[in-house]
Amino acid sequence: MNDRTSALDSVVFGVDIQSGDVRGDAPSYALVVIDTRDTESDEVRIERDVVSFRKLRRLIERDEPALVATDNMYELATDKDDLVRFLRWLPHETRLVQVTGAERPEPLSRVASRHGVPYGKDPMKEAEAAARLALSNVGYEVVAFENTTTVKVSRGRSTGKGGWSQDRYTRRIHGSVKQQSREVESALKEANLEFEREVTEKYGGYSQALFTVEGRPQDIPVSTHRSGDTRVEIERERRDGIEFEPLVKRRDRVIVGIDPGTTTAVAVVSLDGRVLDVHSTRTADTAAIIEWLIERGRPSIVAADVTPMPETVEKFRRSFDAAGWAPPKDIPVDEKLHRTREVAYENDHERDALAAALFAYDDHEDQFERISRKVPADVDREEVISRVLTSEESVEAVLREMNDDGEDGSDEQADDAHEQPELSPEQRQIRTLKSRVERLESHVDDLTETLDEKNETIEEYKTELSDARREERREARERREVNRLERENGRLERKIESLEAENDELAEKLDRLKSLWKLDHSNFADVNTENNLVPVKVVEQFTNGALDHTVDEYGIASGDVVYLRDASGAGRTTAERLAEFDPRVVVRSGNLSDVADEVLFEAGIPVAPADDVTIQEIDELAVAPESEIADAIDDWEERAEERRKEKQKSMVDQIISEHRAEKR
């Protein structure tokens, strides 16, 4: 059956659920037992029966089969915890095998067809198919425990609550635990088992000794028991979850996708389109990647995701003597994302390698199916596919070539059979041994060639190591220079921080001096050194906001001279607010509104145009000649008197007009 090695000289149980449900009360199972232990004859004993779950367990305990095969492990357990309990219960030499695959099982019919095993939908036939597949080492062992066992030696009885002989009683129990742990340690050493010991010392000896042994329970020369003051418990170390291990490390034909570059990514896909593995690395060289691929299969197709195929990918293809595949044009990213959407990967490089392998499979899927239909059940389908791809010959030609290779010139031997006498058993053995010697010599040649390649690789590594050391010394010099520059930079940064702090301190001191100067010269009296200048409070615009700014900065007091740099736009409210400060005079640039002019006039606030007064501005300060201010006020007084007279005359005229109107 293909190129697998049968599990001879063993008993295999094939199990399939017959009726009911494992979660129910009484499921029944179709059981097929295949016994190949009879080495004196070529007959294989096969038994078929329908049994309950309890009887199935009794038969497993009695016969201790090498394999218990099923198409679905959860036909024997309700959930993961129940499955772990079932695996813990199995005899040490019995393995549970799921013949349909690992985490993603295939249909049993497909697996049986691929390996030439008879299959039927009847539970008994499915059980037999599972047994025959497991007998041919097809499938994965279901594993829940490590090959590490814990041997625990502890107290067999309680030390009690106390009494007259409490100390002597406790010392005796702890001494017995210590003695028993020494015996266990001696037995493990005699069996040449690696182990680690951890003890808890108590009064008089040990309360517990824990041995972690590298081995399975059946390899340990100690059994679980309880004897007087001590107790010995043996338990296998459980894994984090349920894992699957192939029955044989078979190198199947695979499709390999490669994305070269600084980070090299490789993906492995089976000829059935299943993603087997994906890997990316920045450090591994070509030899390491080839070794990684060899462990996972024999590449039949090496694929790239761009065209033309990169030279690095072409080197891999030549190394495996595989067929190459490249797309008609570079595969777009959205198509890669869609094709790899159901596969987990860690980076874009792994995605590209996966896409290359999967698109190569899609391109050859129909061809694989056509070849599979033409390949007999007893011929390795994957080998035929690989030869068709690499030789580009027809399926029939490849089958004839494989048949000729397998028969070693059977036609010529048939012709010679009439001329040569039948060989004796000794002669046949000699011929077999000669053939074996030839194969071994060929193997030695291959190993010698591999050794030469390894030696060359070692020399390359030595050269690379020397270069790396030179580079490391150069980098060390650079690091020292960088450290020196960093220290200098740190010193300069600290100096800058010190200067900035000093600058901030001086700026703060200057602000305080300005504030004190403004406070001492708030009335601007000291500015007038000859008593012929008067300070002026500047208001940028005749608005409430501008008034607020001037009040906050300098203040406006009664008797101050106020200069409106832009007097237009003020209304009644703004004018009334300015009048409340009772300034000595308001010097304006621009025209006041009628409302503002009326308010200031009624309040008796003199208003003079800026053209009549010479205003000098020094930084934020402003001054004007006292004489011009006085003249401006006098001019306003004259105009105000005339305005009042005109207003009174108008009022008299209005009263006379109203009186005359009343007489009529």
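Fair warning: this is a prediction, and the values are worked out from it, not measured in the lab.

**Q** Explain the nonpolar core to me, and be specific about the residues and the numbers.
**A** Among the nonpolar cores identified, the biggest contains 29 residues, and Phe13, Leu56, Leu87, Leu96 and Ile242 are the most heavily contacted of them. Contributing elements (two or more residues each) for this core: strand S1 (11–19), strand S2 (28–35), helix H1 (53–63), helix H2 (80–89), strand S6 (140–155) and strand S10 (230–246). Counting residues per element, this core draws most heavily on H2, which supplies five residues. If near-sequence neighbours (up to four positions away) are discounted, Leu96 is found in contact with Val68, Thr70, Met73, Leu76, Leu83, Phe86, Leu87, Leu90, Tyr140, Glu141 and Val142. Counting residues in hydrophobic clusters, the runner-up holds 25 residues, among them Ile255, Ala303, Ala323 and Leu358.

**Q** How would you sum up the pairing of strand S14 (residues 298–303)? Please name residues and give values.
**A** Counting buried residues along S14, five of its six residues qualify, which places the element largely inside the surrounding structure. As paired elements, strand S11 (residues 253–259) and S14 share five bridges and run parallel to each other. The partner of Arg253 across the bridge, within S14, is Arg298. Taking the sense of rotation as the criterion, the β-α-β connection linking S14, helix H7 (residues 311–320) and strand S15 (residues 323–325) turns out right-handed.

**Q** Run through the pattern of salt bridges, naming residues and quoting values.
**A** With the rule as written, the count across this model stands at 45 salt bridges. One salt bridge connects Lys336 with Asp305, and the closest N-O pair in it is separated by 2.7 Å. Here Asp305 lies in the loop between S14 and H7 and Lys336 lies in helix H8 (residues 333–339), a separation of 31 residues in the sequence. For Asp305, a relative accessible area of 4% gives the class buried. Glu314 is the partner of Arg317 in a salt bridge, and the nearest nitrogen-oxygen pair spans 2.8 Å. Residue Arg317 and its partner Glu314 are both found in helix H7; the two are separated by three residues, about one turn of the helix. For Arg317, a relative accessible area of 21% gives the class partly exposed. Salt bridges sharing common partners tie together Asp305, Lys336, Asp348, Arg351 and Asp352.

**Q** Give a detailed account of the sheet that holds S15, specifying residues and quantitative values.
**A** Across the sheet, which stays open at both edges, the five strands sit in the order S13-S12-S11-S14-S15 with mixed pairing between neighbours. Two strands in the sheet have a free side with no partner beyond their single neighbour: strand S13 (275–281) and S15. Neighbour-to-neighbour, the strand axes of the sheet open up by a mean angle of 25°, direction not taken into account. Direction of pairing for S11 relative to strand S12 (residues 264–270): antiparallel, over a ladder of six bridges. Along S12, the bridge assignment pairs Val256 with Val268. In the packing of helix H9 (residues 348–374) onto the sheet, the strands contacted are S11, S12, S13, S14 and S15, and the crossing angle to S11 comes to about 140°.

Reading the values: the criteria
Residues numbered from 1 in each chain as written. Predicted model: local features only at pLDDT ≥ 70, side-chain atom pairs only at ≥ 80, totals over all residues. Heavy atoms only, no water. Core = buried A, V, L, I, M, F, W, Y, C linked by side-chain atoms within 4.5 Å. Buried < 20%, exposed > 50% of the residue type's maximum accessible area, 1.4 Å probe, protein only. Helix = DSSP H or I, 4+ residues; strand = E, 2+ residues; numbered from the N terminus. Contact = heavy atoms within 4.5 Å. Pairing = 2+ DSSP bridges. Right-handed = clockwise from strand over helix to strand, strands pointing away. Salt bridge = Lys/Arg side-chain N within 4 Å of Asp/Glu carboxyl O. Axes fitted to C-alpha atoms, helices over the stretch in contact; angles between N-to-C directions.

Note that all results are geometric; they support no functional claim without further evidence.
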